[in-house]
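As a plain string of letters, each chain reads:
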Amino acid sequence: MKFEKIFISIFFISFLTIGLNVYKDYGISVDEVGYRHQGVTILYTLNNYFFPEFSEKIANGKDYLTIPELQKTQIFSGIPFHIFTTILEFLSGAKNKVEALQLKHLLTFLVFFLGVYCFFLILNLKFKNYKFALLGASFLILSPRIFAQSFYNPNDIAFMSSIIFISYFYLKFFQKFKTKHLIYSCIFSSISICLRPMAIYMPALFMIGLIYIFSIKKINLNTLLKKIFIFIILILILSYMLNPPIWISPIKIIIQQFQWAINSSVTDILYLGKFYPNTETPWHYLIVWISVTTPILYLILFFFGILKILTNLISEIKVGFDKIKINDLFIFFVFLIPFVAAIVLSKSLLNGWRHLYFIYPFIIFISMIGLKWIFDKNKKLKYLIVFPICLSLIDTSYTIYKNHPFQMTYFNLLAGKDVQDKFELDYWGVSNKAAIKYILDNDNRKKINIYGISRTKLSYTVDFFLYPEEQKRITLVKNIEEADYIITVYNGYVRRKDIINDKFKIFNEIKSGDAIINSTFIK
């Protein structure tokens, strides 16, 4: 038992150490500026009501509005996390925007770190084997896209971690019906709903599971109704308290959020070599994206896991509905409901599948069920599959190391060649930091004119990730004729061949694998 704790501690301390050493390496994603603005606005407005003496200090040197003004320009998302990071930014005394954004990257990673630990607990709850649980946690960590975005993705990673927290406490309550687990379930359900309203399906799934468990255990109906009543009331109260923007007009704003999530025209997306409006992507969009960006071993094991769950369900139903194992079925529906809903109902998909990252841990959970089935099925298979597992872990580890800090553009072999002509790569412009730094390091001029030709704003990188002495040397021009350099991340219609001409040639290119994700052209 002592060795077990030491081994687990070494695993997570190693992971934490890696994160603490690399969080400053990543550039800024385009969403981070807007959500920092949102966090400052909400905290400024609240302080005007409760602690007016701090209002100006919180907003000093930052962009902000008031909540009523912000409602007209922005749909709210990730509220608890952005308020939390704004408070810590204020308390930390961050001296400039570089320190403020690096702090947010650190906090984003720490939330992911806690999510991975909680995912380990879920796996250990299921398999009663800490080594197997650590392997599943390794699968989650060694997913190149998730690893990179665990530092700079301001919404999706926090939401994914919150769904993991919810699932853990739901499963604990299913197991022992302790009041403390019910309270924790309410708290994290409320946080998750405030991060994204779509999390409402989790409490609904929990109550269905609760009704099933109480029915087969023949527990008193009054006890069941009491638990459900406490659960609903606590979630409603906490969700209202933790989401200040809805205090003014809760029903109206919640409806607006769902409308925006389901049907909002944002941009055109490159998918399989063709541009689509984000409201008109093909039905297979999510299936293909998940298939080409998830390590192949995880996908293979996932299909075995699905087969095992369905096989168990059929055999259990034959014996009797009271024999159904609620935990596996619960996890299966945590994955299935949003996946199917996104394909069938949503008319608004974003770049890649980041808006569905919260189902990724449960894809891995199902993969681990598949792996356990293989281990139990045949001893020879058990030893044969150890080699591909080791090979996969080594390959993804090396990919993360080799492509650092651009792991967010990872594709597996199923994507084929020339992925930059088929899919969006650095759609958030994270690599712009490295591109601008390269220019500064290799051009000694005191004044350098740069023109950005993609949709990502170079001004975010200059404003938030360059120190004052570096900012003085950079001028972002609005006319290509004035530019000394052009930078693009290819997230629009303009391709490499459209820029190279008699006036501009290649100066620097950032690659991830064989794909070019960022190009700098010099006059």
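Structure shown above.
Residues numbered from 1 in each chain as written. Predicted model: local features only at pLDDT ≥ 70, side-chain atom pairs only at ≥ 80, totals over all residues. Heavy atoms only, no water.

### A few points about the pattern of salt bridges
Side chains that carry opposite charge are capable of pairing whenever their charged atoms lie near each other.
Next up, step 1: Scanning the model with the defined rule gives 10 salt bridges in all.
Next up, step 2: Among the salt bridges present, the one from E89 reaches R36, with a minimum N-O distance of 2.7 Å. Of this pair, E89 sits in helix α5 (residues 79-92) while R36 sits in helix α2 (residues 30-50), and the two are 53 residues apart along the sequence.
Next up, step 3: Residue D156 is joined to R354 by a salt bridge in which the shortest nitrogen-to-oxygen separation is 3.8 Å. (Salt bridge = Lys/Arg side-chain N within 4 Å of Asp/Glu carboxyl O. Helix = DSSP H or I, 4+ residues; strand = E, 2+ residues; numbered from the N terminus.)

### Some thoughts on the packing of helix α6 (residues 97-127) against helix α9 (residues 156-176)
Next up, step 1: Running from N to C, α6 and α9 cross one another at 30°; their axes reach a closest spacing of 9 Å. When the axis of α6 is compared with that of α9, the two are roughly parallel. α6 and α9 meet at a crossing whose hand is left-handed. Across the interface between the two elements, T108, V111, F112, L114, G115, C118, F119, L121, I122 and L125 of α6 pack against I157, A158, M160, S161, I164, F165, S167, Y168, L171, K172 and Q175 of α9. (Axes fitted to C-alpha atoms, helices over the stretch in contact; angles between N-to-C directions. Parallel < 35°, antiparallel > 145°, perpendicular 65-115°, else oblique. Left-handed = near helix turned anticlockwise from the far one by under 90°. Contact = heavy atoms within 4.5 Å.)

### Thoughts on α5
Next up, step 1: With 14 residues, α5 should reach 20 Å at 1.5 Å per residue; the first-to-last C-alpha distance of 20 Å fits that figure.
Next up, step 2: Of the positions making up α5, those classed as buried are I79, P80, F81, H82, I83, T85, T86 and E89.
Next up, step 3: In the core, the buried residues of α5 are packed alongside α2, α6, α9 and α10 (179-195).
Next up, step 4: Residue G93 follows α5 closely and has a positive phi angle near 70°. (Expected span 1.5 Å × (residues − 1). Buried < 20%, exposed > 50% of the residue type's maximum accessible area, 1.4 Å probe, protein only.)

### Details of the sheet that holds strand β7 (residues 515-522)
Next up, step 1: An order of β4-β3-β5-β7-β6 is seen for the five strands of this open sheet, with the pairing classed as mixed. Each end of this open sheet is capped by a strand with a single partner; those strands are β4 (474-476) and β6 (505-512). Averaged over all neighbouring strand pairs, the angle between strand axes comes to 25°, with direction disregarded.
Next up, step 2: Docked against the sheet, helix α20 (residues 458-465) engages β3 (448-452), β4 and β5 (485-488), running at close to 150° with respect to β4. (Pairing = 2+ DSSP bridges.)

### Overview of the packing of aromatic side chains
Next up, step 1: Within this structure, the stated rule accounts for 52 aromatic pairs.
Next up, step 2: Aromatic side chains W353 and Y357 sit 5.1 Å apart centroid to centroid with 90° between the ring planes, which places their arrangement in the edge-to-face category. Pair check on accessibility: W353 and Y357 agree, each one buried.
Next up, step 3: Judged by centre distance (5.8 Å) and plane angle (65°), the rings of Y427 and W428 are edge-to-face. Taken as a pair, Y427 and W428 share a single burial class, namely buried. (Phe/Tyr/Trp six-rings, centres within 6.5 Å; stacked < 30°, edge-to-face > 60°.)

### Overview of the side chain of S454
Next up, step 1: Summarising the element assignment, S454 is placed in the loop between β3 and α20.
Next up, step 2: By relative accessible area, S454 is classed as buried at 15%.
Next up, step 3: Within polar-contact distance, the side chain of S454 engages the side chain of T456 at 3.2 Å. (Polar contact = N/O pair within 3.5 Å; in protein donor to acceptor, adjacent residues only side chain to side chain.)

### Quick notes on unusual backbone geometry
Next up, step 1: The omega torsion of the bond from H404 to P405 falls at 0°, within 30 degrees of zero and hence cis.
Next up, step 2: Following the sequence through the fold, P405 ends up in the loop between α18 (379-402) and α19 (432-442).
Next up, step 3: The phi torsion at L272 lies on the positive side, around 55°, for a residue other than glycine.
Next up, step 4: By secondary structure assignment, the location of L272 is in the loop between β1 (268-271) and β2 (274-277).
Next up, step 5: L272 gets classed as partly exposed once you look at its relative accessible area, which sits at 44%.

### A closer look at the layout of surface pockets
Next up, step 1: Here the second largest pocket is characterised by a volume of approximately 730 Å³.
Next up, step 2: Around the second largest pocket, the lining is made up of 28 residues, and of these T399, Y410, F411, N412 and L413 lie nearest the centre.
Next up, step 3: Residue assignment for the lining of the second largest pocket shows that the elements contributing at least two residues are α15 (296-319) and α18.
Next up, step 4: Examining the composition of the lining of the second largest pocket, we find that nine residues originate from one element, α18, more than from any other.
Next up, step 5: Its residues assigned to classes, the lining of the second largest pocket comprises 13 nonpolar, 10 polar and five charged. (1 Å grid on protein atoms, 1.4 Å probe; cavity = no way out; pocket = protein on both sides within 12 Å on 5 of 7 lines; lining within 4 Å. Points joined across faces, edges and corners; volume = space filled by probe spheres on them. Nonpolar A, V, L, I, M, F, W, Y, C, P; charged D, E, K, R; others polar.)

### Let's talk about the nonpolar core
Next up, step 1: Judged by nonpolar contacts, the single largest core of 138 residues is most densely connected at F139, I163, F330, W353, M368, L371 and I389.
Next up, step 2: The element best represented in this core is α9, accounting for 14 residues.
Next up, step 3: The residues contacting M368, other than those within four sequence positions of it, are L123, F127, F132, L135, G136 and F139.
Next up, step 4: Among the nonpolar cores identified, the runner-up in size contains nine residues, and A483, I499, I516 and F521 belong to it. (Core = buried A, V, L, I, M, F, W, Y, C linked by side-chain atoms within 4.5 Å.)

### Observations regarding the side chain of D484
Next up, step 1: Mapped onto the secondary structure, D484 falls in the loop between β4 and β5.
Next up, step 2: Residue D484 is classed as buried on the basis of its relative accessible area of 17%.
Next up, step 3: Ignoring anything within four residues of it in the chain, the contact list for D484 reads R445, K447, I448, N449, F504, F521, I522 and K523.

### Here we look at the packing of helix α7 (residues 130-141) against helix α17 (residues 360-377)
Next up, step 1: Relative orientation of the contacting elements α7 and α17 amounts to 140°, with a least axis distance of 10 Å. By the angle class used here, α7 and α17 are oblique. Note on packing geometry: the crossing formed by α7 with α17 is right-handed. Counting all contacts with α7, which are made through F132, L135, G136, F139 and L140, the residues of α17 involved are Y360, P361, I364, M368, L371, K372 and F375.
Next up, step 2: Looking at the contact of α7 with α17 residue by residue, the classes come out as 10 nonpolar, one polar and one charged.

### Structural notes on the pairing of β7
Next up, step 1: Burial analysis of β7 places eight of its eight residues in the buried class, the great majority of the element.
Next up, step 2: Where β5 and β7 come together, four bridges link them in antiparallel fashion. Among the inter-strand pairings, T488 is bridged to a residue of β7, identified as S519.
Next up, step 3: From the end of β6 to the start of β7, which pair antiparallel, there are two residues, and G513 there has a positive phi angle of about 65°.

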